Amino acid sequence: EMGKSKITRAKLNEDIDRLTAAMEEGEASIAKLAETIAQLTKEVEELITSMGEATALRTAEKEKNAVTVEDAKSAQTAVEAATAVLKDFYEKASTATALLQAPNPRQWGLKQGVKMGTDEWNALADPNFKGTVDTGHKDGMQTFGKTYEGQQDENEYGVLGLLEVIHSDFASLQADTE
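Residues numbered from 1 in each chain as written. Predicted model: local features only at pLDDT ≥ 70, side-chain atom pairs only at ≥ 80, totals over all residues. Heavy atoms only, no water.

**Focus on the overall build of the protein chain**
Along the backbone of the protein chain there are three helices and zero strands. Its helices and strands in sequence order give the protein chain the pattern α-α-α, from N to C terminus. Buried positions account for 10% of the 178 residues belonging to the protein chain. For the protein chain, the share of sequence-separated contacts (at least 6 apart) that also reach a separation of at least 24 residues comes to 75%. Total accessible area computed for the protein chain in this model is approximately 14,900 Å², and 57% of it derives from carbon and sulfur atoms. (Helix = DSSP H or I, 4+ residues; strand = E, 2+ residues; numbered from the N terminus. Buried < 20%, exposed > 50% of the residue type's maximum accessible area, 1.4 Å probe, protein only. Contact = heavy atoms within 4.5 Å. Areas by Shrake-Rupley, 256 points an atom, 1.4 Å probe, with all protein chains shown as cover.)

Here it is, written out as structure tokens:
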């Protein structure tokens, strides 16, 4: 019986040793997993913070982009208006024969010494006056040499060409931003 007890005790000690080793291995795994959980929890918190910051940045950038798009649309409208004004000017300039400057109305009268009833007075008051006073420009009268037509033949490098480039830049800015 004693031999049997020793064998049983040896087997039981082996079982105890094996179970103790398994228990220690399990505790080590638990400690390692607890450490991993703590690390992953910290990383999740960092990701949540980063996502909040990124969302705030995107919101601010979205607002800035909306302002940029509105500015680009306004600029395109202004460039189109400026182009229309210049095209209208160039169309009219092709038939113009002189540069006219209207006098400031406050310069006429007693300050200039124009007396009522004189030829100068009549010339100012009556456009059909036939006296010796120069009444200014008449239709068809060429006063400054050749007709000024602007720089229409230089569209690639002229003001209209520049306005076209500016307009396309604003349109590109709007498209890229949207």
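Once you've had a look at it, read on.
**A few points about the side chain of threonine 83**
Locating threonine 83 in the fold gives a position in helix 1 (residues 2–93). Ignoring sequence-local partners within four residues, the contact set of threonine 83 consists of Leu160 and Leu163.

**A few points about the side chain of glutamine 76**
Take glutamine 76: it is sitting in helix 1. Look at glutamine 76 and you get buried, because its relative accessible area is 11%. In contact with glutamine 76, other than residues within four places in its own chain, are His167, Phe170, Ala171 and Gln174.

**Details of the pattern of salt bridges**
Evaluated as defined, the whole model comprises one salt bridge. In this structure, the salt-bridge partner of arginine 18 is aspartate 15, at a minimum N-O distance of 2.9 Å. A residue pair is termed a helical-turn pair when its members lie 3 or 4 positions apart in one helix, as arginine 18 and aspartate 15 do in helix 1 at three residues. (Salt bridge = Lys/Arg side-chain N within 4 Å of Asp/Glu carboxyl O.)

**Observations regarding the confidence of the model for the protein chain**
Here the protein chain shows a mean pLDDT of 78. Residues at 70 or above account for 65%. Per-element averaging of pLDDT across the protein chain places helix 2 (residues 119–125) at the bottom with 67 and helix 1 at the top with 91. Confidence drops under a pLDDT of 50 for residues 106–111, and excluding neighbours within four residues, the segment shows seven contacts in the predicted structure. (pLDDT = per-residue confidence, 0-100.)

**What about the environment of threonine 68?**
Tracing the sequence through the fold places threonine 68 in helix 1. Counting along the chain gives 102 residues from threonine 68 to phenylalanine 170, while the straight-line C-alpha distance between them is 9.8 Å. Excluding residues that lie within four positions of it along the chain, threonine 68 makes contacts with Leu173 and Thr177.

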